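# Chains, contacts and geometry: an overview
What follows is each chain in one-letter form.
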Amino acid sequence: GPRLADSEMVVCVDPGHGGWDTGRQRQAGEYPQPWFDEAEINLAMAFMLREELESRGVRVVMTRETGTAVNVFGEDVNGDGRTILDSAQDGDRDELQARINICNASEADLLVSLHLNGFDDPAIRGYEVLYTPAPTRDFGNQNLDLATVIYRQIGAAYREVGFETDPRGTVSDETLDAETHEFGSERNLVLTGPAVNNPDYTIVPSQMPGVFIEPVFISNQDDANFIVLPENQRLLAASYAEGIMDYFDQYPG
């Protein structure tokens, strides 16, 4: 019969940003309290998600477990001859390739990248799950299905605790505009997107379905007040885990 390892569910959890890249920030002088960096909350929530998934029998691989970058020495991971010494964007691509490589090496069934949103207008708030669609990725429909079940579970968790915020939907990364999302000039999110073989840069793509989860806008006061509390981070981590289990019910490997 099949080896036990074949039936094992494996999820690669990516705490977005880290190291030189703080992600979104709420800083004194710019915002009222709470003050924090996105990267540190992403990491805290990734540990919570790992615990939630492990308690449900899922094996978890994390792309980072500390505050430092994955590509800590600034190497040319994607082999395009450029590094962070050339530009922040080149450094970012090497960092993202390093994370993709970890997920691919782990032969994970899913890739889940944890983020927090932000925008110039502090009135903008809410939650969304981003994915790369078909036919750009062969498993684009699975990406959408994963995004949908996690999105529904986030909504259910918010209703459960009476947190009223804006449901912003599951969002194809091909409809993103640069105004609300800072993903550079790429058409797709690098972690979940297709292979890139441009003259200026290359990416070896992730080999499994994946999503980016954005539960709040930290630029919004109410959203920021909510996400800074560990019990709310835990609530959300549990909702992500429930969504992932819903996915595995649909696609049992």
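Structure first, text after, so check above.
Residues numbered from 1 in each chain as written. Predicted model: local features only at pLDDT ≥ 70, side-chain atom pairs only at ≥ 80, totals over all residues. Heavy atoms only, no water.

Here we come to the packing of helix α4 (residues 140-161) against helix α6 (residues 230-250). Orientation of α4 relative to α6, taken along the N-to-C sense of each, is 140 degrees, at an axis distance of 8 Å. In terms of orientation, α4 lies oblique with respect to α6. In the packing of α4 onto α6, the handedness of the crossing is right-handed. Residue-level inspection shows Q142, D145, L146, V149, I150, Q153, I154, A157, Y158, E160 and V161 of α4 in contact with α6, the latter providing L235, L236, S239, Y240, E242, G243, I244, D246, Y247 and Q250. Of the residues in the contact of α4 with α6, the class split is twelve nonpolar, five polar and four charged. (Axes fitted to C-alpha atoms, helices over the stretch in contact; angles between N-to-C directions. Helix = DSSP H or I, 4+ residues; strand = E, 2+ residues; numbered from the N terminus. Parallel < 35°, antiparallel > 145°, perpendicular 65-115°, else oblique. Left-handed = near helix turned anticlockwise from the far one by under 90°. Contact = heavy atoms within 4.5 Å. Nonpolar A, V, L, I, M, F, W, Y, C, P; charged D, E, K, R; others polar.)

Moving on, we get to the side chain of D14. Its place among the elements puts D14 in strand β1 (residues 10-15). Note on D14: relative accessible area 2%, which makes it buried. A polar atom in the side chain of D14 sits 2.6 Å from the side chain of S113. For D14, the residues in contact, after removing those within four places along its chain, are T63, R99, L111, V112, S113, L114 and L191. (Buried < 20%, exposed > 50% of the residue type's maximum accessible area, 1.4 Å probe, protein only. Polar contact = N/O pair within 3.5 Å; in protein donor to acceptor, adjacent residues only side chain to side chain.)

This part takes up the packing of helix α2 (residues 38-54) against α6. Where α2 contacts α6, the two axes come as close as 8 Å, and the packing angle between them is 50 degrees. As summarised for this structure, α2 and α6 are arranged oblique, according to the angle between their axes. As for the relative orientation of α2 and α6, their crossing is right-handed in sense. Residue-level inspection shows I41, A44, M45, M48, L49, E51, E52 and L53 of α2 in contact with α6, the latter providing P230, Q233, R234, L236, A237, A238, Y240, A241 and I244. Looking at the contact of α2 with α6, its residues break down into 13 nonpolar, one polar and three charged.

With 45 residues, the main nonpolar core has L49 and I244 as its most contacted residues. Per element, the largest residue contribution to this core is nine residues, and it comes from α6. Aside from chain neighbours lying at most four places away, what touches I244 is V11, L49, L53, L110, V112, L146 and I150. Ranked by size, the runner-up nonpolar core spans 18 residues in total, among them V61, L96, L189 and Y201. (Core = buried A, V, L, I, M, F, W, Y, C linked by side-chain atoms within 4.5 Å.)

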